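Commentary on secondary and tertiary structure
Letter by letter, the chains look like this.
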Amino acid sequence: YAVAVVALLSLAATLTLLLRSHRLAGTATLAQGVATVVGVGGVHVAPRWSSLTDSYSAAHVDALSWAIILAMMLAGLALVVGGVAPWRREWAGRT
């Protein structure tokens, strides 16, 4: 559960940066999104490879559990898209 606590704390920090329109909010959002997709995939989707994993394929969980994991990964991808948006606007302004 320690990994989940760290993930929730980093998400809270990212949301705080976003709500305060901090200059690092885009970078934090991008990093949070990548960490969410890679972390959730590594912990729950990949086969068991360490004591930090909770492989859903080995646990034979139900469809709802898989749907929640998919939703978390899609939310991570949305954070990646949102984190890249400020840079895209900046790059578009240079042309």
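Residues numbered from 1 in each chain as written. Predicted model: local features only at pLDDT ≥ 70, side-chain atom pairs only at ≥ 80, totals over all residues. Heavy atoms only, no water.

A look at helix H1 (residues 2-19)
Counted at 1.5 Å a residue, the expected span for H1 with its 18 residues is 26 Å, and the 26 Å between its end C-alpha atoms agrees. Downstream of H1 by a residue or two, Ser21 has a phi angle that is positive, lying close to 50°. (Helix = DSSP H or I, 4+ residues; strand = E, 2+ residues; numbered from the N terminus. Expected span 1.5 Å × (residues − 1).)

Re the packing of aromatic side chains
Centre-to-centre distance and the angle between the planes together describe a pair of aromatic rings. With the rule as written, the count across this model stands at one aromatic pair. On the numbers, 5.6 Å between centres and 85° between planes, the contact of Tyr56 with Trp66 is edge-to-face. Taken together, the residues Tyr56 in helix H3 (residues 56-59) and Trp66 in helix H4 (residues 63-94) connect sequence positions ten residues apart. The exposure class assigned to Tyr56 is buried, which follows from its relative accessible area of 15%. (Phe/Tyr/Trp six-rings, centres within 6.5 Å; stacked < 30°, edge-to-face > 60°. Buried < 20%, exposed > 50% of the residue type's maximum accessible area, 1.4 Å probe, protein only.)

Notes on the side chain of Ser55
Topologically, Ser55 is positioned in the loop between helix H2 (25-45) and H3. Looking at Ser55, its side chain comes within polar contact range of the main-chain oxygen of Ala46, at 3.2 Å. When near neighbours in sequence (up to four residues on either side) are disregarded, Ser55 contacts Val43, His44, Ala46, Pro47 and Arg48. (Polar contact = N/O pair within 3.5 Å; in protein donor to acceptor, adjacent residues only side chain to side chain. Contact = heavy atoms within 4.5 Å.)

Remarks on the confidence of the model for the protein
Per-chain confidence: the protein averages 86 in pLDDT, with 99% of residues scoring 70 or above. Taken element by element, the protein is modelled with least confidence in H3, mean pLDDT 79, and with most confidence in H2, mean pLDDT 90. (pLDDT = per-residue confidence, 0-100.)

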